[in-house]
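Structure at a glance
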Amino acid sequence: FILYFYLVDDTVQVEICQDSKGSRPHVPFINRHIATDGLTGNTISFSSLQVGDRVEIFKHVFQLCACDAFTRDFLKEHGCPQPANKEMGPKSQKSQEAESASTIAYLNRKSNLDKRQFYKHDGQVLCFTACLPNYLDDQTPPDSARTFAIRYFLGDDTMEIIETSARKRTDQFKKFLVRQLLPKKLAFNSEFIATDSPRQFDGRLHVHWKDLRIGAYLWIFGREVLLTGVDSFTKQWYMEHSDLNANDMEALPVHLPEPCPLTRKVAEHDGIAAIGSAEDSMQNCLSLLPKPCRKDWHQWAENQGRVLSVRVHFANPSKEDKERSFVLQYYLEDGTIAIFEEMQKGRQGGKFLGRTKVPRPHTDGYYTERDLSVGNRLLIFGHEYVLESYDEYTRKFFQEVPPCDGGIA
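To keep things clear, this report deals only with the structure shown in the data block. (Residues numbered from 1 in each chain as written. Predicted model: local features only at pLDDT ≥ 70, side-chain atom pairs only at ≥ 80, totals over all residues. Heavy atoms only, no water.)

Considering the overall build of the protein chain
Selection rule: In this description a helix means any DSSP run of H or I spanning at least four residues, a strand means any run of E spanning at least two, and both kinds are numbered starting from the N terminus. Each residue is assigned to one of three classes by its accessible area relative to the maximum for its type, calculated with a 1.4 Å probe on protein chains only: buried under 20%, partly exposed between the two thresholds, exposed over 50%. Any two residues whose heavy atoms approach within 4.5 Å at even a single point are treated as in contact.
Regarding its fold elements, the protein chain presents seven helices and 19 strands. Within the protein chain, the proportion of its 409 residues that are buried is 29%. Contacts spanning at least 24 positions in sequence make up 47% of the contacts within the protein chain whose residues lie at least 6 apart.

Here it is as structure tokens:
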């Protein structure tokens, strides 16, 4: 390694020297920044650098062996004389080369072993069933009814966990753990690490098929699950490749509670604060991509342009509203209602209620033409109206199709 100390800002940089001749470019090992010596706890300065001493940066301990002429002269001028350089002998260089060759040979051997394992066991999967640990008790909260399927791939020792207790087909998050190597320090929270030859891979221990058995607990990133059963292939595999017998592979009794039925209550469409009709609002509750409501095209084709007009007034008007009168229009083509205020002295008329369907109180339906009988009272969005009289077209219409009797509709 080569350690650089920049006097302009007291930063340190470490690079890897690939050969002693310097013919190959250096590789950055620690980027340039203000560093702290882990051995002393002080910030590294030029006065703390001494040939022969050790420096710890990010858990890496470096021994200073030599310095160049400029560094030696600068430190001597500032009262920090340096001892003679300590060259690395041939023996140390040979041991370093041997260690590097040993590492490369290990990686190549490991790569070949993984390839042979993949070619031999590709497509072979060990399947386990699992559940939450409280399923062994009869008193299980019904909202925790979750079961899982654990798949161990013998080709590369990876695992994936899929939830099998999805309540509906709309539950999209069924994969509990994506396929990956599972570290043992995250998988076992107890002393159960039942493996004869722990697998060391990238400096970490990962779960092997020898660690999995019925009755074992696994911690999947903070969530504990219990292995309860295996399929026929997994059972045969363990009986052939381990000391487990048929009795050890018996499934555990599991008491699965009945899942709680989901009840979704839709807010009432009051027509005032809500936007759009009740059918449009319901489509937004049923789907993220709402579809247009279906219309009764036969009713629209038979009654297109036909409008019933009724003169109405407030049933319990205040002092200011006694003189106000309105015209209620009912559109037969789609069953919508609109209300217009008549122009009077000192009051400008106009639209009072936009065209919309009006729900009948205390029912699930809407007002129809059968409710437009003279004398009836209609409760429309907080205002109660009394029907007074028809126009000529509406009177002839109700001679053929009489409305219902009077009363509060």
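Details of the sheet that holds strand 1 (residues 2-6)
Rules: Strand pairing requires that DSSP identify at least two bridges connecting the strands. The angle between two axes is taken between their N-to-C directions and runs from 0 to 180 degrees, where each axis is a line fitted to C-alpha atoms and a helix contributes only its stretch in contact.
The three strands lie next to each other as 1-2-3, forming an open sheet whose pairing is antiparallel. The open sheet has two edge strands, strand 1 and strand 3 (27-33), and neither has a second partner. Mean inter-strand twist for the sheet, computed between neighbouring axes without regard to direction, equals 10°. Two elements, strand 2 (residues 11-16) and strand 3, share four bridges in a ladder whose sense is antiparallel. Residue pairing across strands places E15 opposite P28, the latter belonging to strand 3.

Overview of a nonpolar patch on the surface
Put simply, the rule is: Only residues above 30% relative accessible area that lack a salt bridge enter a patch, with like-charged residues linked at up to 9 Å and the nonpolar side chains Val, Leu, Ile, Met, Phe, Trp and Tyr linked at up to 5 Å. Note on areas: these come from Shrake-Rupley sampling with a 1.4 Å probe, and a residue is covered only by the protein chains present in the view. Any Lys or Arg side-chain nitrogen located within 4 Å of an Asp or Glu carboxyl oxygen qualifies as a salt bridge.
A contiguous nonpolar surface patch, about 260 Å² in accessible area, is contributed by V266, M282 and L286. Among the secondary structure elements, L286 is positioned in helix 5 (residues 278-286).

Observations regarding the nonpolar core
Keep this limit in mind: What is meant by a nonpolar core is a set of buried Ala, Val, Leu, Ile, Met, Phe, Trp, Tyr and Cys residues, joined one to another through side-chain atoms within 4.5 Å.
Counting 24 residues, the largest nonpolar core has L126, I150, M159, L212, L218, L227 and Y238 as its most contacted members. Among the secondary structure elements, those contributing two or more residues to this core are strand 6 (125-131), strand 7 (147-153), strand 8 (158-163), strand 12 (217-220), strand 13 (223-230) and helix 4 (232-241). In contact with I150, other than residues within four places in its own chain, are L126, C127, F128, A130, M159, E160, I161, L218 and L227. Formed by 20 residues, the second largest nonpolar core is a distinct cluster that contains Y330, L332, I339 and L353.

Some remarks on the packing of aromatic side chains
Rules: Note on aromatic pairs: the rings of Phe, Tyr and Trp (six-membered ring only in Trp) are paired at centre separations within 6.5 Å, and the planes decide the class, stacked below 30 degrees, edge-to-face beyond 60, tilted for the rest.
Going through the model one piece at a time under the given rule, you end up with 19 aromatic pairs. Ring geometry for F128 and Y238: centres 6.1 Å apart, planes at 75°, overall edge-to-face. One end of the pair, F128, is in strand 6; the other, Y238, is in helix 4, and 110 residues separate them in sequence. Judged by its relative accessible area of 1%, F128 falls in the buried class. Judged by centre distance (5.4 Å) and plane angle (70°), the ring pair of F397 and F398 falls under edge-to-face. According to the relative accessible area criterion, F397 is buried, its value standing at 11%.

Concerning unusual backbone geometry
Positioned with a positive phi, D10 is a non-glycine residue whose angle comes to about 60°. Among the structural elements, D10 can be located in the loop between strand 1 and strand 2. We classify D10 as partly exposed; its relative accessible area is 37%. Not every positive phi belongs to a glycine, and F381 is a case in point at roughly 50°.

What to know about the environment of V230
With respect to the element layout, V230 can be found in strand 13. Judged by its relative accessible area of 22%, V230 is partly exposed. In this structure, the C-alpha to C-alpha distance between V230 and R213, residues 17 residues apart in sequence, is 8.8 Å. When near neighbours in sequence (up to four residues on either side) are disregarded, V230 contacts C127, F128, T129, I214, K235 and M249.

Observations regarding the pairing of strand 1
Put simply, side chains in a regular strand alternate between the two faces of the sheet. Bridging between strand 1 and strand 2 involves five bridges; their strand directions are antiparallel. Opposite F5, over in strand 2, you have V12 as the bridge partner. Between strand 1 and the antiparallel strand that follows it, strand 2, lie four residues; D10 among them carries a positive phi value of about 60°.

Side note on the pattern of salt bridges
Summed over all chains, the structure comprises 12 salt bridges. D334 serves as the salt-bridge partner of R355, at 3.2 Å between the closest nitrogen and oxygen. Taken together, the residues R355 in strand 17 (residues 350-356) and D334 in the loop between strand 15 (326-331) and strand 16 (336-341) connect sequence positions 21 residues apart. The exposure class assigned to D334 is partly exposed, which follows from its relative accessible area of 28%. Between E384 and R377 there is a salt bridge; the shortest N-O distance is 3.6 Å.

Quick word on the sheet that holds strand 18 (residues 377-380)
Strand order in this open sheet of six strands is 17-16-15-14-19-18, and the pairing throughout is antiparallel. Each edge of the sheet is formed by a strand with only one pairing partner; in this case those strands are strand 17 and strand 18. Direction aside, neighbouring strands of the sheet carry axes that sit 30° apart on average. Here strand 15 runs beside strand 16; their pairing, made up of six bridges, is antiparallel. Across the sheet, residue Q329 finds its bridge partner in strand 16, namely A338. Running over the sheet, helix 7 (residues 392-400) touches strand 14 (307-314) and strand 19 (383-390) and is turned about 110° from strand 14.

Read these as spatial facts, not as claims about activity.
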